[in-house]
Amino acid sequence: QRERDEFPTLKNFKGLQFKSSDSTIYMNFRFRMQNRLGASTIDGDNLGIREFDARVRRLRMRVDGYLYSPKFSYTIQLAFTRGDQDFDDTGVANIVRDAVVFYNFTPNFYIAFGLNKLPGNRQRVNSSGQLQFADRSIVNAAMNIDRDFGIKAYYKNKIGETAVYHLKGAITTGEGRVANNTDKGLAYTGRAELLPLGAFTDDGDYSEGDLMRERTPKVSFGGGYSKNVGTTRSGGQIGYYLYEPVTLQTYFADAIFKYNGWAYQFEYIKRTVDKAITYNEAGESAYAFNGQGINQQISYLFKSNYELAGRYSWLEPGASIGDYQQETEIIELGATKYLHQHRIKFQLNVNYQTKQGVFALDGKGNRWGGVFQVELGI
Amino acid sequence: QRERDEFPTLKNFKGLQFKSSDSTIYMNFRFRMQNRLGASTIDGDNLGIREFDARVRRLRMRVDGYLYSPKFSYTIQLAFTRGDQDFDDTGVANIVRDAVVFYNFTPNFYIAFGLNKLPGNRQRVNSSGQLQFADRSIVNAAMNIDRDFGIKAYYKNKIGETAVYHLKGAITTGEGRVANNTDKGLAYTGRAELLPLGAFTDDGDYSEGDLMRERTPKVSFGGGYSKNVGTTRSGGQIGYYLYEPVTLQTYFADAIFKYNGWAYQFEYIKRTVDKAITYNEAGESAYAFNGQGINQQISYLFKSNYELAGRYSWLEPGASIGDYQQETEIIELGATKYLHQHRIKFQLNVNYQTKQGVFALDGKGNRWGGVFQVELGI
Amino acid sequence: QRERDEFPTLKNFKGLQFKSSDSTIYMNFRFRMQNRLGASTIDGDNLGIREFDARVRRLRMRVDGYLYSPKFSYTIQLAFTRGDQDFDDTGVANIVRDAVVFYNFTPNFYIAFGLNKLPGNRQRVNSSGQLQFADRSIVNAAMNIDRDFGIKAYYKNKIGETAVYHLKGAITTGEGRVANNTDKGLAYTGRAELLPLGAFTDDGDYSEGDLMRERTPKVSFGGGYSKNVGTTRSGGQIGYYLYEPVTLQTYFADAIFKYNGWAYQFEYIKRTVDKAITYNEAGESAYAFNGQGINQQISYLFKSNYELAGRYSWLEPGASIGDYQQETEIIELGATKYLHQHRIKFQLNVNYQTKQGVFALDGKGNRWGGVFQVELGI
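Residues numbered from 1 in each chain as written. Chains lettered and ligands numbered in written order. Predicted model: local features only at pLDDT ≥ 70, side-chain atom pairs only at ≥ 80, totals over all residues. Heavy atoms only, no water.

Novice: For this particular structure, what's the right way to read a nonpolar patch on the surface?
Specialist: Residues and elements named next belong to chain A. On the surface, Phe257, Tyr259, Trp262, Tyr264 and Ile298 cluster together into a nonpolar patch covering about 460 Å² of accessible area. Position of Ile298 among the secondary structure elements: in strand S15 (residues 291–301). Using a relative accessible area of 45% as the deciding quantity, one classes Ile298 as partly exposed. (Patch = residues over 30% accessible without salt bridge, like charges linked within 9 Å, V, L, I, M, F, W, Y side chains within 5 Å. Areas by Shrake-Rupley, 256 points an atom, 1.4 Å probe, with all protein chains shown as cover. Salt bridge = Lys/Arg side-chain N within 4 Å of Asp/Glu carboxyl O. Helix = DSSP H or I, 4+ residues; strand = E, 2+ residues; numbered from the N terminus. Buried < 20%, exposed > 50% of the residue type's maximum accessible area, 1.4 Å probe, protein only.)

Okay, structure coming up:
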């Protein structure tokens, strides 16, 4: 079983497993780290170093299991790096990433109570340990709905002999990981997925790259919607604090296709906000991102477990925040060596970022970037 | 053995235990989380939502054990949530809750060196995983003496054939978990307990509700005193920072009775301070709570492991802080389903809070509150 | 094998070890805590208490191991106390101490990618769990180069039949544990060691005190240099923030000798800076320490595993920071009882600190200090 952020990893896992002698306690323990060395250039045509991104990007510990009955399962995930703490946006050391209890009514229907990822866009729900580039796309960064505390329900079933569908819903606080007490404006999220050719091998619809080398074509189409009422943060569940509450609506459509080492994925996200720019008494402004974007990735995995991947991302800010954000595109190439699936891999990415649709090297704000990342985990 | 915050849990524990082949290292590892969904109303007669309290209230990891000899035992406890870090009062991520070494001279006499709970009021010394309501009382919240770093001594013995007594003392820094260096004003704490009918089953005198269904009546009477000299924090070991050091004296008297599924507990706390209100140079004030209060709880556990509990708490601030705090009473009802003792339980609490002794629904400051909490741990 | 901060502890470790059934995953888990009670006096001749240093000084968890092949080893270390988080200097909860992946080309040559200690002065590279005094010296405190993220290479070999040498190099960000993104000024570090009489028993050249009671004399001579270009912190990788970037150069020379229970160690460090004092727009200043110092320690371990140790440290600030820092000397005596090597020990230290070379008790700034520390770990 692949790591999947909407459900505990309980099956076929070869890590550290503990089961009490009376089988009432089951835990499996994992950790992973991502160390990276990246750099970006000053301009498109000045290849001097603007800054380095060299650090422990992620260091996480995770426990999944069940207690007293397989019907009560749980996931706990702790994150220790500065970047993972959301410290810079919130001023709080948010170490807890997941702390959620699942009650499994049937294998096809379960509910969750606690903190974990919302059923948002596919790339966000993919674990950061299941990505084929070192980072998710700029489209995801600008408009994903991240983690939130509340109640979630998951249902899946078949249509006919092959096709599978998933329905997911959540009612959550809307303020993300940092919140202690929250106002009465909540967040409502729904998502549906259709896999007309059947389930992916080993839950591969939430893992990038075709590491399983699907023997028959597999595809998943997904779509969803989230309304975050009266949030105080620029990205709803994430981001810096705004000066007034706003209501965000986010629309998702995505797809992933895999076959014989090839993988292609597509993601469209659109966000609207009732009040894009908020002001404090001193007249200073803080804006909530709104706009739309598309991310596409295509990859081929050689039998040597080297993968080549390409990515094109396009992000267009809404007119109301045109003073703060420009249209951005990124073209990125990635080479990955998978030593042990996604658990131990070496990634080398190079990208070119453009602003305002000007691809010329001397375009204002254009730049090159690159990153080498080692992932090690169990 | 029940979890007990004054001693490591070493016996009869069915969790994750590790013993080295030569028996010189013993560890038992536990975790628990509390996820809650609560709300309070705007007024006693306006049932609109004032705010939600929906979050991972606690997520803790704990290791108990001994090293190289059962005489050297230890307890380590880490807490990762924002609320548990005391972040909002101190601005520091206080992750360490317990880090204490015990030396056991005899099974009846041991000393502790390090950070753990002081021998204060009974409800505070109960682990937060052994409570029958989602939170401790407002009386505890206002006047408990929490954890502190220093030296503690514990002694117990019998009087006659049945009765048991405990003596506990501590000399500690008085500044709580956050302190690095401290001034020379320390804290001195003493506590005595008498159990005339003998020890509770499975250390039940420090666990709420009669989950053991005591076959014969058991009772414990306790009393104590703590003097915190020159503390810089509003609650001594806890709370926000004051502008000048103050000296707090806290008096405790409590009792717990259990028999055949019934449990009753009583707690009286009184606190005095030599200088209730402190000022900075700009003339702003910060006060140290002083006053008195009583908390009582009664419960019955049905054989189905459903429990009904009632609580009445009364808190009266001292005259010197009458401008900041009002007399508060809370009546609370709780229904709890224990699935696996206190380790996995579902709690539903409803309460009504009044101010200044006015019970009418339109009393100023009155409100309703409720919370649903799931606890899951090993 | 002793704990060593430049390499994972993989051999002969009697703690908690986990190996997957197919031998592809190996982890060993350790923790340790240091609880201390210290005090310093008001003056050399006024023995009133200036302040207490009573706290959990360190509480750390560490995992070492390899994944999928012994060639891929790793070390992870988390630190949870306020002091270990470098919170007071950075305002960030820096929990991650080590997160590093090693690739072992041969047993004698390996590289590291990630965050761990730089090959700086010997006492700093010694684990804080391998010290014979409760703290490292003031010379180390003022001029060590700590941990940093980047690439490191380690090589060792023999000269003739007995002598051993080590070569170590590192290119790192220069900003220490706290950094997310960094400017283009990096840090370059190199170090060489010569052990003419062969390797110490059980890696004892990076452990204080002769706990192995070397049967033949052993000595190691080391020297190194580190240049930190354009750092923004007062100590390079550590310390408070400066108002402008500076470039630090640090020179190290050290030696350790052990024989039959006797140990002697020597350390000289010198630091220069291109711009000692930086200013902000308001004219406030922040300085980077520069100067030189010597630390010497001598100890004898009795067969009862009691050790007596003496230490003399001298620290001289550079002329450019004479307004901020004075010449300081400390004489310290230590008595240590090792119950289980360095893993469980009791330490009692007493010291006398002088300023400006005036040893008289009434010298300005002189004072006495003492600390009792218990270390407990596996």
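Anyway, onward from the coordinates.
Novice: Just checking my understanding: could you explain the interface of chain C and chain A for this structure?
Specialist: Of the residues lining the interface, 35 residues belong to chain C; the matching set on chain A comes to 38 residues. Of the roughly 3,100 Å² buried between chain C and chain A, counting both surfaces, carbon and sulfur atoms make up 76%. On the chain C side of the interface with chain A, the three residues burying the most area are C:Tyr68, C:Phe113 and C:Asn180, jointly 20% of the side's total. Taken together, the connections running from chain C to chain A amount to zero salt bridges. Remark: the boundary between chain C and chain A carries nine residue pairs in polar contact (both at pLDDT 80 or more). (Contact = heavy atoms within 4.5 Å. Buried area = accessible area lost by both parts, 1.4 Å probe. Polar contact = N/O pair within 3.5 Å; in protein donor to acceptor, adjacent residues only side chain to side chain.)

Novice: Can you help me understand the packing of aromatic side chains in this one?
Specialist: Any pair of aromatic rings gets described here by the distance separating the centres and the angle formed by the planes. On inspection of all chains with the given rule, the structure shows 60 aromatic pairs over all chains. Each ring, one from A:Phe102 and one from A:Tyr110, has its centre 5.8 Å from the other, and the planes form 65°; the classification is edge-to-face. With respect to burial, A:Phe102 and A:Tyr110 carry one shared label: buried. With a centroid separation of 6.3 Å and 70° between ring planes, the pair formed by A:Phe109 and A:Tyr155 is classed as edge-to-face. One end of the pair, A:Phe109, is in strand S6 (residues 109–117); the other, A:Tyr155, is in strand S7 (residues 147–159), and 46 residues separate them in sequence. Using a relative accessible area of 30% as the deciding quantity, one classes A:Phe109 as partly exposed. Following the ring pairs from residue to residue traces out a cluster consisting of A:Phe72, A:Tyr103, A:Phe105, A:Phe109, A:Phe113, A:Phe149, A:Tyr155, A:Tyr165, B:Phe346 and B:Phe372. For C:Arg122, the ring lying beneath its charged end belongs to C:Tyr206, and the centroid distance is 5.1 Å. In this arrangement the basic side chain of C:Arg233 is found over the ring face of C:Tyr241, its NZ or CZ atom lying 5.6 Å from the centre. (Phe/Tyr/Trp six-rings, centres within 6.5 Å; stacked < 30°, edge-to-face > 60°. Lys NZ or Arg CZ within 6 Å of the ring centre and 35° of its normal.)

Novice: I keep staring at the interface of chain B and chain A and nothing clicks. Help me out?
Specialist: A common way to report how large an interface is uses the accessible area buried once the components associate. Listed as interface residues are 38 residues of chain B and, on the opposing side, 35 residues of chain A. When the area that chain B buries against chain A is broken down by residue, the three leading residues are B:Phe52, B:Phe80 and B:Arg82, summing to 18%. On inspection of chain B and its partner chain A, the count reaches zero salt bridges. Summed over the shared surface of chain B and chain A, the number is nine residue pairs in polar contact (both at pLDDT 80 or more). Of all elements in the fold, only strand S1 (16–19), strand S2 (25–41), strand S3 (49–67), helix H1 (87–90), strand S17 (328–340), strand S18 (344–355) and strand S19 (367–377) of chain B reach the threshold of two or more residues within the side of chain B that touches chain A. Here the element with the most residues in the side of chain B that touches chain A is S3(B); it accounts for nine residues. For the side of chain B that touches chain A, the per-class residue count stands at 23 nonpolar, seven polar and eight charged. (Nonpolar A, V, L, I, M, F, W, Y, C, P; charged D, E, K, R; others polar.)

Novice: Just to check I follow, could you spell out the relation of the copies chain B and chain A for this structure?
Specialist: Note on the chain copies: they are related by a rotation about an axis and a translation along it. Rotating chain B by 120° and moving it 0.0 Å along the rotation axis overlays it on chain A with an RMSD of 0.0 Å. With respect to symmetry, the two chain copies, as superposed, fit the operation of a three-fold axis. If distances are taken from each C-alpha of chain B to the rotation axis, the shortest is found for B:Ala93, at 3.7 Å. When you check the interface residues of chain B against chain A, a mere 11% turn up at the interface there too, and the two sides of the contact use different surfaces. (Least-squares fit on C-alpha atoms with pLDDT ≥ 70 in both.)

Novice: What's the story with the environment of B:Ala99 in this structure? I'm lost.
Specialist: Take B:Ala99: it is sitting in strand S5 (residues 96–106). Spatially, the C-alpha atom of B:Ala99 lies 4.6 Å from that of B:Ile76, the residues being 23 residues apart in sequence. Those residues in contact with B:Ala99, other than ones at most four positions away along the chain, are B:Thr75, B:Phe113, B:Gly114, B:Leu115, C:Met33, C:Asn35, C:Val56 and C:Leu59.

Novice: Looking at this structure, how should I read the relation of the copies chain C and chain A?
Specialist: Aligned on chain A, chain C shows an RMSD of 0.0 Å; the corresponding rotation is 120° and the shift along the axis is 0.0 Å. The two copies present different faces, since only 11% of the interface residues in chain C are matched by interface residues at the equivalent positions in chain A.

Novice: What exactly am I supposed to notice about the pattern of salt bridges here?
Specialist: Pairing between side chains of opposite charge can happen when the charged atoms of each approach one another. In this structure the tally under the stated criterion is 63 salt bridges over all chains. The salt bridge involving A:Arg124 is made with A:Asp146; its shortest N-O contact spans 2.5 Å. Of the two residues, A:Arg124 is situated in helix H2 (residues 122–125) and A:Asp146 in the loop between helix H3 (138–143) and S7; the sequence distance between them amounts to 22 residues. Residue class for A:Arg124 comes out buried when judged on its relative accessible area of 7%. A salt bridge links B:Lys168 to B:Glu193; its shortest N-O distance comes to 2.9 Å. With B:Lys168 in strand S8 (residues 163–172) and B:Glu193 in strand S9 (residues 187–195), the pair connects residues that are 25 residues apart, well separated along the chain. Linked through salt bridges whose partners overlap, the residues forming this network are A:Arg122, A:Lys168, A:Arg191, A:Glu193 and A:Asp254.

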